[in-house]
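Okay, here's what each chain looks like letter by letter:
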Amino acid sequence: MGQIFQERLPGPRIYCCSNCQAHAADYDEVVSKAFQGRYGRAYLFNKVVNVRLGPKEDRQLITGLHTVNDIYCSCCQQVLGWRYEKAYEEKEKYKEGKYIIEKNKMTKQNFLK
Amino acid sequence: MGGDTANGAPPPKRMKLHMPSIEEAFPHPMDGVAVPAVTIDALGSKGQIKKIEFTRIITQALYSLGYNKSASLLETESGIPLHSAIISQFRMEILQGLWDESLKTLHNLSHLDPETLKSAAFLILQQKFLEQLHRGETDMALKTLRSQLSKLKIRMQRLHELASCIICPTREDILAKVEWRGGGAEANMSLLLHLQSLLPPDIMIPEKRLEGLIEQALSVQRKACMFHNSLDQALTLYTDHCCGRDQIPTQTIQVLDAHEDEVWFLQFSHNGKHLASASKDCTAIIWNVGNDDFVMLKHTLTGHQKPVAFVAWSPDDIMLLTCGTEEVVRLWNAESGDCLRTYTKPTSGFTSCAWFPDGRKFVTGGGDRCIDMWDLNGNELDSWKGVRMPRITDVAITSDGVNMVSLAGNKDIRIHNLKEKSEHVIEEEGSITSLSFSNDSKHLLVNLSSQEIHLWDITANEKLPYKFKGHRQGRYVIRSCFGGSDHAFIVSGSEDSQVYIWHRGNGELLEVLPGHAGTVNCVSWNPTNPHMFASASDDSTIRIWGLSTKAPRVRATGTSNGIHPLINGVTR
């Protein structure tokens, strides 16, 4: 569908889509590494690029009821995680507007060992 | 009108009884000229045109048209002479080459500041000196130089040049050395013109003033005409110029169907005779544009393994470069359709390329963050790289070869000045998807993913670009370009399958043209035909657009695009 426009992230350490290597998020945007996704460990990010949002749905997660949108990689349509649209408990409000990407859907690029 | 105007202030009592109108006689600038019973001094609907100036300009125009009798009749009838007596004398003396007399007259002219006086005197004396030299009267020339020219004490450099002429062996040397155009009536006329530019304009009106004023008005009308799009300058003086909507191509006159998958890029050749298109089906196609604007397939260029994202015509249109997405660059002969060479780089692929104006070198930008310069034999000549240089998505070179522009990262437009080896960066607010240049090498068009198109002037150091909005752009690379005669329009594709046309001067959206069945990725306007442009779309077709007054095509010659579904644009 047309040449898909890929955003590129500048900062040296970047997380990419495991399927197509499109840039997804910057290391500096990590908020927390202690999340659990559907398939294992997941990170919470402030900002991601090259993703499309799916429809809103209410889901019961470990921490309670939330309204979330699934996020898909714009280039290969792989489901990467989700975005918190709304949290119903006060303690969880800080997550609103932030993104979860599952650890096994990401590959690291330019990370120094 | 009994007001006493001797000291310029009519008694206040009287004034209140009169309506303040333009009939108040105010002092005339030309003293000693008998003005017959004319009390109205200003003309025009706003009273901005002074009658005296108007009459003088008309008289001058009549003279320059050769209607001497009418002109002198006008002078006597209106009582407003074109030039005062002194000036007429001055002009006559200059035209006849009577230098000393003209100098005396010059000094008699009142209200001239000394600088102007000196410059004018210098010019006259220079002509006198050179004429004398030319005639071989060397001692007379020397005397002029010593007694008259050097007394003025200005333009010493020029004085020395003239002095060195004396020792010139032949006349040709003199002519060449000081750029002297010889003596005679013609030279005297040009001297007069030169002097005119020095003297204040109300003494001697600049030549062809009326024509100049009218041309200014015409160009203002032309600029204000939003749909103006013709090659010929058929502007008439009788009415204000205004083109109709039908000067812009708004109707699909042909649909080209040869690609099998989405068409991502297309571009007309510089001479407007060919069109190259690049597609996701890994081929590029060269089309022929016939004399009646009918487009036929010429060559299909296969060989890329990945979708072709970019094509670039060489400045002489003999060769074509095609660029695969993150892949190799191939050089083709546009006439024969053969691949001449393939340029690769082991580390990564290229994203775009641009020719130098001499047609022998080109630059490529790639994912490995450097810009390389190549020649036609496959050698890498140069490269720009740096640790801080991010990935290049688009490169372009201006048609004068001075500037090279690259889209670095997502938001920066880097302009490298190739002559001065300097660089400056324009930072955009959002992510840029594509880049396009204008023919005059000064303006740059970028499409942003925030659904705006920005027009930058790279020579002026402006902080704010012109913005064009209205189209839809979100996920894909959409390209836009300049179009129309003098590039008065901006055209862009859009994700809602329509083509958008804006007026470049005031940003107004002129046309929205439906017709395609998928995102319009790229548009290209024919550089030699302001009434034709082409658009490439995800529905794997290319549409050629022309004026709505043209009859649609019904040709069925044997080409791969024999189908002409004419879903015409209905303009809003």
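Figured I'd write up the structure that's included with this text.

Criteria and cut-off values
- Residues numbered from 1 in each chain as written.
- Chains lettered and ligands numbered in written order.
- Predicted model: local features only at pLDDT ≥ 70, side-chain atom pairs only at ≥ 80, totals over all residues.
- Heavy atoms only, no water.
- Buried < 20%, exposed > 50% of the residue type's maximum accessible area, 1.4 Å probe, protein only.
- Helix = DSSP H or I, 4+ residues; strand = E, 2+ residues; numbered from the N terminus.
- Pairing = 2+ DSSP bridges.
- Phe/Tyr/Trp six-rings, centres within 6.5 Å; stacked < 30°, edge-to-face > 60°.
- Lys NZ or Arg CZ within 6 Å of the ring centre and 35° of its normal.
- Contact = heavy atoms within 4.5 Å.
- Buried area = accessible area lost by both parts, 1.4 Å probe.
- Polar contact = N/O pair within 3.5 Å; in protein donor to acceptor, adjacent residues only side chain to side chain.
- Nonpolar A, V, L, I, M, F, W, Y, C, P; charged D, E, K, R; others polar.
- Patch = residues over 30% accessible without salt bridge, like charges linked within 9 Å, V, L, I, M, F, W, Y side chains within 5 Å.
- Areas by Shrake-Rupley, 256 points an atom, 1.4 Å probe, with all protein chains shown as cover.
- Salt bridge = Lys/Arg side-chain N within 4 Å of Asp/Glu carboxyl O.
- Axes fitted to C-alpha atoms, helices over the stretch in contact; angles between N-to-C directions.

## Quick word on the pairing of strand 8 (residues 99–102) of chain A
Residue and element names in this part refer to chain A. Neither face of strand 8 is exposed, since Tyr-99 and Ile-101 on one face and Ile-100 and Glu-102 on the opposite face are all buried. With four bridges connecting them, strand 4 (residues 41–45) and strand 8 associate as antiparallel partners. Following the sheet pairing, Leu-44 is matched in strand 8 by Ile-100. The pairing of strand 7 (residues 79–87) with strand 8 spans three bridges and is antiparallel.

## Quick notes on unusual backbone geometry
Residues and elements named next belong to chain A. Here the phi dihedral of Asn-50 falls at roughly 55°; this positive angle occurs in a residue that is not glycine. Residues other than glycine seldom take positive phi values, yet Asn-110 does so here, at roughly 65°. Following the sequence through the fold, Asn-110 ends up in the segment after strand 9 (106–109). The exposure class of Asn-110 is partly exposed, given its relative accessible area of 48%.

## Points about the packing of aromatic side chains
Using the criterion set out here, one finds 17 aromatic pairs over all chains in the structure. An angle of 90° between the planes, with centres 5.0 Å apart, marks the rings of Tyr-343 of chain B and Phe-362 of chain B as edge-to-face. Of this pair, Tyr-343 of chain B sits in strand 11 (residues 339–343) while Phe-362 of chain B sits in strand 13 (residues 361–366), placing them 19 residues apart in sequence. Like Phe-362 of chain B, Tyr-343 of chain B is buried. Seen in terms of ring centroids, Tyr-343 of chain B and Trp-374 of chain B are 5.3 Å apart; in terms of plane orientation they differ by 70°. Their pairing is edge-to-face. One end of the pair, Tyr-343 of chain B, is in strand 11; the other, Trp-374 of chain B, is in strand 14 (residues 371–375), and 31 residues separate them in sequence. Grouped by ring-pair contacts, the aromatic residues Tyr-15, Tyr-27, Tyr-43, Phe-45 and Phe-111 of chain A constitute a single cluster. Over the aromatic face of Trp-82 of chain A sits the side chain of Arg-59 of chain A, whose NZ or CZ is 5.8 Å from the ring centroid. Lying over the aromatic face of Phe-111 of chain A, Lys-108 of chain A brings its terminal NZ or CZ to 5.3 Å of the ring centre.

## Quick look at the interface of chain B and chain A
Interface size, as often reported, equals the accessible area lost upon joining of the parts. In this complex, chain B contributes 18 residues to the contact, which on the side of chain A involves 11 residues. Across the chain B/chain A interface, buried area totals approximately 1400 Å², and carbon plus sulfur atoms make up 50% of it. On the chain B side of the interface with chain A, the three residues burying the most area are Asn-410, Arg-475 and Tyr-476 of chain B, jointly 40% of the side's total. One can count zero residue pairs in polar contact (both at pLDDT 80 or more) joining chain B with chain A. A class-by-class count of the residues in the side of chain B that touches chain A yields five nonpolar, six polar and seven charged.

## Some remarks on a nonpolar patch on the surface
Taken together, the side chains of Ile-49, Phe-54 and Ile-58 of chain B present a nonpolar region at the surface, about 220 Å² in accessible area. By relative accessible area, which is 38% here, Ile-49 of chain B ends up partly exposed.

## Re the sheet that holds strand 3 (residues 30–36) of chain A
Residues and elements named next belong to chain A. The sheet built from six strands is open, its strands ordered 3-4-8-7-6-5 with antiparallel pairing. The open sheet has two free edges, formed respectively by strand 3 and strand 5 (51–61), since each of these has just one partner strand. Across the sheet, the mean angle from the axis of one strand to that of its neighbour is 30°, orientation sign disregarded. Across four bridges, the pairing between strand 3 and strand 4 is antiparallel. Paired with Ser-32 across the bridge in strand 4 is Leu-44.

## Describing the pairing of strand 13 of chain B
Residues and elements named next belong to chain B. Of all six residues in strand 13, five are buried; the element is thus mostly enclosed. Pairing analysis gives five bridges linking strand 12 (residues 350–355) to strand 13, with the strands arranged antiparallel. If you follow Cys-353 over to strand 13, its bridge partner there is Thr-364. Hairpin connection between strand 12 and strand 13: a loop of five residues separates the two successive antiparallel strands, and Gly-359 in this loop has a positive phi of roughly 75°. Across five bridges, strand 13 lies against strand 14 in antiparallel orientation. Across the sheet, residue Phe-362 finds its bridge partner in strand 14, namely Trp-374.

Taken by themselves, the reported measurements are silent on function.
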